[in-house]
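Fold and contact review
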Amino acid sequence: MTKHEHACLVLEQDGERLVIDPGNFTSPLPSLENVTAIVITHQHPDHWSDDQLARIRQDNPDAPIFGPAGVAAAASNWNVTTVADGASETVGVWTLEFFGSEHAVIHKSIPLIDNVGVLVNGTFWYGGDSFTVPPKPVQHAAIPAGAPWLKISEVMDYVAELAPKRAIQTHDAVLSDKGLALSAARISDVMAGYGGEFTVLQPGESIAL
């Protein structure tokens, strides 16, 4: 798995790639070959953009895009396959199971939108902008480090409930280096309590799952 800026991740297995949440807080993605699926958890532009999708599809014109109904409506220039809580899709080496239905609350004045997290090959969990816990054990996860919709105590409770053995940070463009270090320390403390390991990845760095 390679982390890109903010909320974008690229997973690779057996020469195939899966791209998750390529948004406008992420630098233009490099040329990526053998992308066999794209997942967008929700419609906010920091999780998808026309430019990023165009770059991916230029080299991978047949790569399907999966997302909830709000993504299908917002990304109307693209043929998005709508997925919802409980859906499952298999594409190439990827088994994608989708859980959750709503974005976390930002403020009572802001309408809720839909959001689906994705469990990849039964082991790696990415919840998008939510604290959804899938109904299956999670081995690996991407944990949100900072956002308008969270506070660190909520993240710590989420990690304790999710209990991944290994995790990295996501949703971190809103934090300074010092802010990320503070969040990472709190997440690490929780994971260390049950024997888990948290790793902070810089953009472009990879980790084997």
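Residues numbered from 1 in each chain as written. Predicted model: local features only at pLDDT ≥ 70, side-chain atom pairs only at ≥ 80, totals over all residues. Heavy atoms only, no water.

So, the nonpolar core
In this structure, Leu-11, Leu-18, Ile-20, Leu-96, Val-120 and Phe-124 are the most contacted members of the largest nonpolar core, which totals 23 residues. Secondary-structure elements contributing two or more residues to this core are strand S2 (9-13), strand S3 (16-20), strand S4 (35-39), strand S8 (94-99), strand S9 (117-120) and strand S10 (124-126). The element contributing the most residues to this core is S8, with three residues. Residues in contact with Leu-18, not counting those within four places in the same chain, are Leu-9, Val-10, Leu-11, Ala-37, Ile-38, Val-39, Trp-94, Leu-96 and Val-120. Among the nonpolar cores identified, the runner-up in size contains 20 residues, and Val-138, Tyr-158, Val-159 and Phe-198 belong to it. (Core = buried A, V, L, I, M, F, W, Y, C linked by side-chain atoms within 4.5 Å. Buried < 20%, exposed > 50% of the residue type's maximum accessible area, 1.4 Å probe, protein only. Helix = DSSP H or I, 4+ residues; strand = E, 2+ residues; numbered from the N terminus. Contact = heavy atoms within 4.5 Å.)

Considerations on the environment of His-47
Among the secondary structure elements, His-47 is positioned in the loop between S4 and helix H1 (50-59). Accessibility expressed as a relative area gives 0% for His-47, which makes it buried. For the pair His-47 and Cys-8, spaced 39 residues apart in sequence, the C-alpha separation works out to 7.2 Å. Beyond its immediate sequence surroundings of up to four residues, His-47 is in contact with Ala-7, Asp-21, Pro-22, Gly-23, Ile-40, Thr-41, His-42, Tyr-126, Asp-129 and His-171. One polar contact links His-47 to Asp-46, side chain to side chain, over a distance of 3.4 Å. (Polar contact = N/O pair within 3.5 Å; in protein donor to acceptor, adjacent residues only side chain to side chain.)

Description of the sheet that holds strand S7 (residues 88-91)
Taken in spatial order, the seven strands make up an open sheet running S7-S8-S9-S10-S11-S12-S13, and their pairing is mixed. Edge strands, defined here as strands with exactly one partner in the open sheet, are S7 and strand S13 (197-199). Ignoring which end each strand starts from, the neighbouring axes of this sheet average 25° apart. Relative to strand S11 (residues 140-144), S10 runs parallel, the two sharing three bridges. Directly across from Tyr-126, in S11, lies its bridge partner Ala-142. Sitting on the sheet, helix H3 (residues 152-162) is in contact with S10 and S11, with an inclination near 170° to S11. The strands that helix H4 (residues 177-193) touches are S11, strand S12 (166-170) and S13; relative to S13, the one it contacts most, it runs at about 165°. (Pairing = 2+ DSSP bridges. Axes fitted to C-alpha atoms, helices over the stretch in contact; angles between N-to-C directions.)

Some details on H1
Among all positions of H1, only Gln-52, Leu-53, Ile-56 and Arg-57 are buried. Buried positions in H1, seen along its axis, are confined to an arc of 125° and lie on one side of it. In H1, those exposed residues whose orientation departs by more than 90 degrees from the buried face are Asp-51 and Gln-58. Contact partners of the buried residues in H1: S3, S4 and strand S5 (65-67). (Arc of directions from axis to C-beta.)

Some remarks on the pairing of S9
Residues Gly-117 and Leu-119 line one face of S9 and the alternating positions Val-118 and Val-120 line the opposite face, and both faces are buried. Looking at chain direction, S8 and S9 are connected through four bridges and run antiparallel. Residue pairing across strands places Glu-97 opposite Leu-119, the latter belonging to S9. Two elements, S9 and S10, share three bridges in a ladder whose sense is antiparallel. Looking across to S10, one finds that Leu-119 is bridged to Trp-125. Joining the antiparallel neighbours S9 and S10 is a turn of three residues, in which Asn-121 adopts a positive phi near 50°.

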